[in-house]
Amino acid sequence: MKIKNKKDFGLGVFCILFAALIIYLSLQLKGSGYDGDPGPKMFPIIGSVIMAVCGIALIIAPEKEEKVFLTKAQWKAAFGLFGMYVALALLLWLLGFMFAVPIVLFIVTFMLSKLSVKNATIKHRLIISLIFGVVGGAVLYLAYIVGLKAQMPTGLLIELLKKR
């Protein structure tokens, strides 16, 4: 068998082996103790089976030609988005859920609006991003804190202001 695309073949083999490892480790988990309940092992096993099927598909039907993984602009955008994940973690710690989520939604929406609304002016993109950040933050606040009564981070600065 001649391997046409070594990257796809290698990734396919890795997916199958990693899926097998996850399935093995998942089978070591104890059941929940309820009759008919698969327990905590079901979700990782389902995900592993999907990963193994994708690995098999990569081995059987690889891409015809190797392509460049990411262009320079795509790498820049990927690192920008990763930076926003780091900023979200920092803002959650510093300001808490109520302030961090709308800020990050605004920034990410503004970053991605350059791709989705190409002909819009910066002012138009800013207004759309601001509306989405505020409305999205409010919806997430209502869903998690009011609806689900979840305990979300309040933030270091908010806690310090409450103590005064």
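The residue numbers shown here count from 1 along each chain, following its written sequence. The predicted origin of the model limits local features to residues at a pLDDT of at least 70 and limits the giving and counting of side-chain atom pairs to 80 or more, whereas totals for whole chains, interfaces and linings rest on all residues. Working from all heavy atoms in the structure, the side-chain values ignore hydrogens and water.

Brief notes about the overall build of the protein
Next, step 1: Here a strand is any run of E in DSSP of at least two residues, a helix any run of H or I of at least four, and the numbering for each starts at the N terminus. Counting its regular elements, the protein contains 6 helices and 0 strands.
Next, step 2: Shown N-terminal to C-terminal, the secondary structure of the protein runs as helices and strands in the order α-α-α-α-α-α.
Next, step 3: Radius of gyration means the value over C-alpha atoms here, while the globule rule gives 2.2 Å times the residue count to the 0.38 power. The C-alpha radius of gyration of the protein comes to 22 Å, more than 25% above the 15 Å expected for a compact globule of 164 residues.
Next, step 4: Across its three principal directions, the C-alpha atoms of the protein cover 70 × 55 × 25 Å.
Next, step 5: Counting over 164 residues, the protein shows a buried share of 18%.
Next, step 6: Contacts are assigned to residue pairs with any non-hydrogen atoms lying within 4.5 Å of each other. Counted over contacts in the protein with a minimum sequence separation of 6, partners at least 24 positions apart contribute 64%.
Next, step 7: For the protein, the exposed surface amounts to about 12,700 Å²; the carbon and sulfur share of it is 73%.
Next, step 8: Separation between the mean location of the 18 positive side-chain charges and that of the 7 negative ones in the protein comes to 13 Å. Burial status follows relative accessibility: with a 1.4 Å probe on protein chains alone, a residue under 20% of its type maximum counts as buried, one over 50% as exposed, and anything between as partly exposed. Working definition of accessibility: Shrake-Rupley area with a 1.4 Å probe, residue cover restricted to the visible protein chains. Under the counting rule used here, the positive set is Lys and Arg, the negative set is Asp and Glu, and His together with the chain ends is not counted. Charge coordinates come from a single atom per side chain, which is NZ of Lys, CZ of Arg, CG of Asp or CD of Glu.

Details of the layout of surface pockets
Next, step 1: As a volume, the largest pocket reaches approximately 320 Å³.
Next, step 2: Definitions used throughout: a 1 Å grid over protein atoms alone; a cavity as a set of points that fits a 1.4 Å probe which cannot get out; a pocket as an open set with protein on both sides within 12 Å along at least five of seven lines; a lining residue as one with an atom within 4 Å of a point. Along its surface, the largest pocket is lined by Ala-73, Lys-76, Ala-77, Ala-78, Leu-81, Phe-110, Met-111, Leu-112, Lys-114, Leu-115 and Arg-125.
Next, step 3: Put simply, the parts of the chain that give the lining of the largest pocket at least two residues each are α3 (72–94) and α4 (97–116).
Next, step 4: Gly is put with the polar residues, along with every residue not named as nonpolar or charged; the nonpolar set is Ala, Val, Leu, Ile, Met, Phe, Trp, Tyr, Cys and Pro, and the charged set is Asp, Glu, Lys and Arg. Looking at side-chain class alone, the lining of the largest pocket contains 8 nonpolar, no polar and 3 charged residues. Grid points are joined across faces, edges and corners, and a volume is the space filled by probe spheres set on the points.

Re the domain arrangement of the protein
Next, step 1: The split of the chain into domains comes from an automatic or database domain assignment. Each assigned domain of the protein is listed here: domain 1 (6–60) and domain 2 (72–163).
Next, step 2: The straight-line distance from the C-alpha centre of domain 1 to that of domain 2 is 33 Å.

Overview of the packing of aromatic side chains
Next, step 1: For this analysis, a ring pair means two rings from Phe, Tyr or Trp (six-membered ring only for Trp) whose centres lie within 6.5 Å, classed as stacked if their planes differ by under 30 degrees, edge-to-face if by over 60, and tilted for the remaining angles. Applying the stated criterion to the full structure yields 3 aromatic pairs.
Next, step 2: Ring geometry for Trp-75 versus Phe-79: centroids 5.8 Å apart, planes at 25°, classification stacked. A residue pair is termed a helical-turn pair when its members lie 3 or 4 positions apart in one helix, as Trp-75 and Phe-79 do in helix α3 at 4 residues.
Next, step 3: Seen from their ring centres, Phe-97 and Tyr-144 are 6.4 Å apart, and the 70° between their planes marks the pair as edge-to-face.

Some points on the environment of Leu-58
Next, step 1: Its place among the elements puts Leu-58 in helix α2 (residues 42–60).
Next, step 2: Sequence separation between Leu-58 and Asp-8 is 50 residues; the distance between their C-alpha atoms is 5.7 Å.
Next, step 3: Discounting chain neighbours no more than four positions away, the residues touching Leu-58 are Asp-8, Leu-11 and Gly-12.

Some details on unusual backbone geometry
Next, step 1: Positive phi is not limited to glycine here, since Lys-149 has a value of about 55°.
Next, step 2: By secondary structure assignment, the location of Lys-149 is in the loop between α5 (122–147) and α6 (156–163).
Next, step 3: Judged by relative accessible area, which is 64%, Lys-149 ranks as exposed.

Overview of the packing of helix α1 (residues 6–27) against α2
Next, step 1: Between N-to-C directions, angles cover 0 to 180 degrees, with each direction set by a line fitted to C-alpha atoms, over the stretch in contact for helices. One way to put it is that α1 packs onto α2 with a least axis distance of 8 Å and a crossing angle of 160°. Of the possible angle classes, the one that applies to α1 and α2 is roughly antiparallel. The handedness of the crossing between α1 and α2 comes out as left-handed.
Next, step 2: By residue class, the composition of the contact of α1 with α2 is 18 nonpolar, 4 polar and 1 charged. Angle categories: roughly parallel below 35 degrees, roughly antiparallel above 145, roughly perpendicular from 65 to 115, and oblique for all the rest. A clockwise turn of the near helix away from the far one marks a right-handed crossing, whereas an anticlockwise turn of less than a right angle marks a left-handed crossing.

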